[in-house]
Amino acid sequence: MAKHKLRQVLTSAIVALGIALFLPQASANSTTATSEPDQTMINRAFLGSLSPDEQQYLIENYPDLAAHLPGKYVVTEEIVPLPSSRAAGKCKTHRGKGELKSLLGFTIFKFSHAAKVCTNGSKVTSHSKPTYEITDPDILIESWKVVDRSVSGVGTGSSRSRIQVQVKHCVVKYGCYATYYPTGVISVTKTGREKVTTTV
């Protein structure tokens, strides 16, 4: 498979995962790769509890597998103060985003969320239901759906919206290894001060 282009490698990931999980692989360094990764190591990879040495072991010896195991979480958190004199009577769309990357640095999925909020300087006059997008999903992401969406505080001095999405990461024939819950929270005060928090 090393002769194929990266896109071809990713599209045949299910076969590669089967090989990586269940067939012995030869290694240039026999002292570090004596057998294929066991199920416990795979499970801990999805829980984010691998040690740096174990991560490096998978990257060096099982790159096809490491391309789909979660590694780095890249999230955005913003706090943006707006002058109250300019925020009064204004509407603004507030946005946040996050990304989950594999051990090899490939995108497993990107998550973004947004809500439109209007203030008049004395209260929050409206706060839309939050929207979201899941983009660039890995081919082993099976499905996603909203499990929580709420808005509170409209008509008061501050409002808050929250959206949470359930994302299933599965391997055909071998079951679902992980369920992620990317979450976006947008809080806005009557003067337009915002806090946007995103987790994946």
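**Q** What's the story with helix H3 (residues 39–47) in this structure? I'm lost.
**A** Along an α-helix, residues three or four positions apart point the same way, because every turn accommodates 3.6 residues. The set of residues buried in H3 consists of Met41, Ile42, Ala45 and Phe46. Burial along H3 is one-sided: seen end-on, the buried residues are contained in an arc of 140°. Just beyond H3, the residue with positive phi is Gly48, at close to 75°.

**Q** Got a minute to help me understand the pattern of salt bridges in this structure?
**A** It is possible for side chains of opposite charge to pair when their charged atoms get near one another. Enumeration according to the criterion identifies 5 salt bridges in this entry. We note a salt bridge from Arg44 to Glu54, for which the minimum N-O separation is 2.5 Å. Of the two residues, Arg44 is situated in helix H3 and Glu54 in helix H4 (residues 52–61); the sequence distance between them amounts to 10 residues. Residue Arg162 is joined to Asp148 by a salt bridge in which the shortest nitrogen-to-oxygen separation is 2.4 Å. Here the residue Arg162 occupies a position in strand E8 (residues 158–171), and Asp148 occupies one in strand E7 (residues 141–152), the gap between them amounting to 14 residues. A relative accessible area of 23% places Arg162 in the partly exposed class.

**Q** Please explain the nonpolar core as it appears in this structure.
**A** In summary, soluble globular proteins display a tendency toward joint burial of nonpolar side chains. Core analysis: the largest hydrophobic core is formed by 24 residues, its most contacted members being Leu58, Leu69, Phe109, Phe111, Val167 and Tyr180. Those elements that place two or more of their residues in this core are H3, H4, helix H5 (63–66), strand E4 (107–119), E8 and strand E9 (175–180). The leading source of residues in this core is H3, at 4 residues. Dropping the residues within four chain positions of it, Tyr180 is found in contact with Phe46, Pro70, Leu100, Phe109, Ile141, Val165, Gln166, Val167 and His169.

**Q** For this particular structure, what's the right way to read the environment of Thr119?
**A** By secondary structure assignment, the location of Thr119 is in strand E4. On a C-alpha basis, the gap between Thr119 and Lys90 in space is 5.7 Å, while along the polypeptide they are 29 residues apart.

**Q** Just to check I follow, could you spell out unusual backbone geometry for this structure?
**A** Most peptide bonds are trans, and most residues other than glycine sit at a negative phi. Not every positive phi belongs to a glycine, and Asp136 is a case in point at roughly 50°. Its location among the elements puts Asp136 in the loop between strand E6 (131–135) and E7.

What counts as what
Residues numbered from 1 in each chain as written. Predicted model: local features only at pLDDT ≥ 70, side-chain atom pairs only at ≥ 80, totals over all residues. Heavy atoms only, no water. Buried < 20%, exposed > 50% of the residue type's maximum accessible area, 1.4 Å probe, protein only. Helix = DSSP H or I, 4+ residues; strand = E, 2+ residues; numbered from the N terminus. Arc of directions from axis to C-beta. Salt bridge = Lys/Arg side-chain N within 4 Å of Asp/Glu carboxyl O. Core = buried A, V, L, I, M, F, W, Y, C linked by side-chain atoms within 4.5 Å. Contact = heavy atoms within 4.5 Å.

Fair warning: the whole summary comes from geometry, so function is off the table for now.
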